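Secondary and tertiary structure notes
Here's the letter readout for the chains.
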Amino acid sequence: MEREIREIERDGRTWTAIRIGRDDFGVPKHLMQGEKMEGIITDGSSIRPWYWEGFATIDDWRYVYFERCDLEAFDTIATVHRKDALELVNKLAFALSEADSRFLDLSSGVFPTYRIFILSGRDILLLPPDLADIFSIMIDEDTKNRESTALVQGSAEAGFRLVSEMAQLLYYAAAGTLPFLREESREAGYKELPLSLYQKMDAKTEGLISFILHAKSREMRDIMGNRSPEKVLPWFLERSKGLGWNLEDRSEEERLADVRKAEESPEAKALLEKIGKAAKRRAFWRVKGTVITVSVIAAAAIISFLASYISGILEPPYTRDMEPVEIIEAVYQAQNDLDPQALDAPVKGAELPQSMEVTNLYVTSRTRMAYEAVDPIIDANDWIDDGCPSIPASSFIYGVVLESIEQTGENEYTATGVWYVPAPYEEDVEVEEAANLDTRPVYLYRVRQGFTFAWNDRGWWNIVDSEILGYENLGVEEVGIYAP
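Model, not experiment: these values are computed from the prediction.

Let's shift gears to the side chain of Ser-97. One can find Ser-97 in helix H1 (residues 85–98). Here Ser-97 falls in the buried class, since its relative accessible area comes to 6%. Filtering out sequence-adjacent residues up to four positions away, Ser-97 remains in contact with Glu-230, Lys-231, Leu-233 and Pro-234.

Here you go:
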């Protein structure tokens, strides 16, 4: 988030100037003419207007200049203003909550950090929309990505993204890097390295950041209500009151060294590998989902024109174009998604051992969502990709982490994976009491499951038999919980 701020001499006076970008192409004149818009200065309790003077070109760089002042880029919350980062982010949230929608211009859902500066080490300055338009045209793509695009959390409800941005800025101040800066993190469903890998900090503060970044749609909608994005920020301000922030200032060199040290740790490398795999897995299912959708639409169109006696024949399953290994992967994806229909789609003349379990959990989750407005089940793969964080007290972890698929005979395969379940499978094992009120047990089993396939005369593979070949009890893991 490099931003050059300097003093310049113009018209016999000394001004403060911000470098916008290279002056190697023309900026549309309408952006540089007409009535100037006001910026905003806030101390966290009130706002007052700010005005800019004009533009200057120095050594082929375009600058905007204004009254002389002590100004610093907002990215210094991760370095020389790190110990005050929580206070500064709260002041930013206050200013945004007081501004009108025309000033905010939330076309992307976030407020770009190239519009945010720290004034005199304590106040926040927000540049007006007319300057923001010129910045957006002149800054390079890497800067635009860091200061705008990377802040857009696609997994968040549109009206919740300003709140998400505040949490990301706190994460940045503590970690020294944005949570979703990596393309893989965004592609994997917005999975970041846990903040604890970068910095040990107040548990409640870390918990609030984690909750915001991973809130479910229902939770976000409950918080938002019918309010506009900026009017949701008081919710953030209320919950950030009294949080601990015990971090110290550091130099830019120290920030870079801290980030490098954290990301080169064995734990970080393992999680980054999982995030990379998750990104590839989601990309696969996105492409496969398109194929499935097209197949279903085509099948529906054809069936609608067939004679009535054919209408009773089952539609081809979504797995019709898959090979056995892909079908097995699809089965476990359906199990993790708690989708009974997708789970049983490739099965013919048999029943999968996990079918009843998935159906029961599906009914449980939908009932809880209907009556309690919460989705209680967290996919074990997502939880692991997130770094095994604490979970809401209303939730539990379930799912299969697939390890291998081996062909063991003609049309026969064995899949091995670790199953995460909320209760033990053995009848003689009692459900363990949580180690304390802040944890919940999840039971781990390494399960070997056999699949037998047959090629039918309609032109695709079916699962015609499946059984659990064996399982190994891997013990119990205590998962931290918190009240959302």
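A word on the sheet that holds strand E13 (residues 412–421). With mixed pairing, six strands are arranged side by side in an open sheet as E10-E12-E13-E14-E15-E11. The outermost strands of the open sheet, each flanked by one partner alone, are strand E10 (377–379) and strand E11 (391–392). As paired elements, strand E14 (residues 439–455) and strand E15 (residues 461–482) share 17 bridges and run antiparallel to each other. Bridging across to E15, Pro-441 finds its partner in Glu-478.

This part covers the packing of aromatic side chains. In total, this model carries 16 aromatic pairs according to the counting rule given. Taking 5.9 Å as the distance between ring centres and 5 degrees as the angle between the ring planes, the aromatic pair formed by Tyr-114 and Phe-135 counts as stacked. Of this pair, Tyr-114 sits in the loop between helix H2 (101–104) and strand E8 (116–119) while Phe-135 is found in helix H3 (residues 129–138), placing the two residues 21 residues apart along the sequence. No difference in accessibility class separates Tyr-114 from Phe-135, as the two residues are buried. Measuring from ring centre to ring centre gives 5.6 Å for Tyr-445 and Tyr-471, while their planes differ by 80 degrees; the resulting arrangement is edge-to-face. With Tyr-445 in strand E14 and Tyr-471 in strand E15, the pair connects residues that are 26 residues apart, well separated along the chain. Cluster of aromatic residues (ring-pair linked, three or more members): Phe-160, Phe-211, Trp-235 and Tyr-482. Looking at Arg-19, its charged tip hangs above the ring of Trp-61, at a distance of 4.0 Å from the centre. In this structure, Arg-115 packs its charged tip against the face of Phe-103, placed 5.0 Å from the ring centre.

About the criteria used
Residues numbered from 1 in each chain as written. Predicted model: local features only at pLDDT ≥ 70, side-chain atom pairs only at ≥ 80, totals over all residues. Heavy atoms only, no water. Helix = DSSP H or I, 4+ residues; strand = E, 2+ residues; numbered from the N terminus. Buried < 20%, exposed > 50% of the residue type's maximum accessible area, 1.4 Å probe, protein only. Contact = heavy atoms within 4.5 Å. Pairing = 2+ DSSP bridges. Phe/Tyr/Trp six-rings, centres within 6.5 Å; stacked < 30°, edge-to-face > 60°. Lys NZ or Arg CZ within 6 Å of the ring centre and 35° of its normal.

Functional significance is not addressed by these values, which are geometric in nature.
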